[in-house]
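Residue-level structural notes
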Amino acid sequence: MMQRILLIGKNGQLGWELQRTLATLGEVYAYDFPEIDLSKPDNLRELIRGIAPHLIVNAAAYTNVDKAETEPDLARAVNAAAPGVMAEEARRINAALIHYSTDYVFDGTKGSAYIETDIPDPLNVYGATKLEGERAVQAVGGAFLIFRTSWVYSLRQGGFVTKVLQWARQQESLRIV
């Protein structure tokens, strides 16, 4: 039996790479805005129930860190409520959920690498809503993995790797954090 994989966030850097990689594991149903609006939980539930995937991969997020400060409700709907809905639906159909979060759940003052047991302390709406999303997934339970990433890399045009290559062709020296 072929595994059905639902990928949310297919047009982002991470989602674009995942869509190609996941295709070797099963039948991938990939969506992004406006095909699915994560601020509308009923639409998300309907999509998941219609596909009945074995695995849900959430690579979507409201990622505009600065704009999240002025659109906290939208950021919360996408980054916190939607992952909770995905977790509820995954548990209901006995599917696994992979949810991507961010290192923005931390304040950045530790001075060394963060580990899973470090206490989150987000400094902005983006980080706070991503932490709420993690906690919503954990509260539901079931089979899930949460990955906290800092930078994601893609060879897709406009990604970090292609920007660095472009800068390297245009400048004699580069300063990158």
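It should be emphasised that the depicted structure is a prediction, and the values quoted were computed from it without experimental measurement. (Residues numbered from 1 in each chain as written. Predicted model: local features only at pLDDT ≥ 70, side-chain atom pairs only at ≥ 80, totals over all residues. Heavy atoms only, no water.)

1. Looking at the sheet that holds strand β3 (residues 55-58)
Sheet architecture is open: five strands sit in the order β2-β1-β3-β4-β5, paired in parallel fashion. Lying at the two open borders of the sheet, with one neighbouring strand each, are β2 (27-31) and β5 (143-149). Pairs of neighbouring strands in the sheet enclose a mean axial angle of 15°, with direction left out of account. Summarising the sheet, strand β1 (residues 4-8) and β3 pair through four bridges and their orientation is parallel. Paired with Ile5 across the bridge in β3 is Leu55. Lying over the sheet, helix α2 (residues 41-51) contacts β1, β2 and β3, oriented at roughly 160° with respect to β1. The sheet strands contacting helix α4 (residues 72-92) are β1, β3 and β4 (96-102), and the helix crosses β4 at an angle near 165°. (Pairing = 2+ DSSP bridges. Helix = DSSP H or I, 4+ residues; strand = E, 2+ residues; numbered from the N terminus. Axes fitted to C-alpha atoms, helices over the stretch in contact; angles between N-to-C directions. Contact = heavy atoms within 4.5 Å.)

2. Observations concerning the pattern of salt bridges
What the rule picks out here adds up to 11 salt bridges. Put simply, Glu89 and Arg45 hold a salt bridge, and the shortest N to O gap is 2.8 Å. On the criterion of sequence distance, the pair formed by Glu89 in helix α4 and Arg45 in helix α2 is long-range, its members being 44 residues apart. Given a relative accessible area of 1%, Glu89 falls into the buried group. In this structure, Lys67 engages Glu71 in a salt bridge whose closest nitrogen and oxygen atoms are separated by 3.9 Å. (Salt bridge = Lys/Arg side-chain N within 4 Å of Asp/Glu carboxyl O. Buried < 20%, exposed > 50% of the residue type's maximum accessible area, 1.4 Å probe, protein only.)

3. Observations concerning a nonpolar patch on the surface
A contiguous nonpolar patch, built from Trp167, Leu174 and Ile176 and spanning about 230 Å² of accessible area, is present on the exposed surface. Considering the arrangement of structural elements, one finds Ile176 in the segment after α6 (160-170). (Patch = residues over 30% accessible without salt bridge, like charges linked within 9 Å, V, L, I, M, F, W, Y side chains within 5 Å. Areas by Shrake-Rupley, 256 points an atom, 1.4 Å probe, with all protein chains shown as cover.)

4. What to know about the pairing of β1
Most of β1 is tucked away, with four of its five residues classed as buried. The pairing of β1 with β2 spans five bridges and is parallel. Its bridge partner being in β2, Ile8 is matched across the sheet by Tyr31. Between the parallel elements β1 and β2, the chain passes through helix α1 (residues 13-22) in a crossover that is right-handed. (Right-handed = clockwise from strand over helix to strand, strands pointing away.)

5. Observations regarding the nonpolar core
Grouped together as the largest cluster of nonpolar side chains are 25 residues, with contacts concentrated most on Leu6, Ile8, Leu38, Leu44, Ile56, Met86 and Leu97. When residues of this core are traced back to their parent elements, those giving at least two are β1, α2, α4 and α5 (125-140). Broken down by element, the residue count for this core peaks at seven residues, all from α4. Sequence-distant contacts of Leu44, that is, excluding residues within four places in its chain, are made with Ile8, Ile36, Leu38, Ala82, Val85 and Met86. The next biggest cluster of nonpolar side chains, apart from the first, holds 10 residues, and it includes Leu18, Leu22, Ala30 and Ile98. (Core = buried A, V, L, I, M, F, W, Y, C linked by side-chain atoms within 4.5 Å.)

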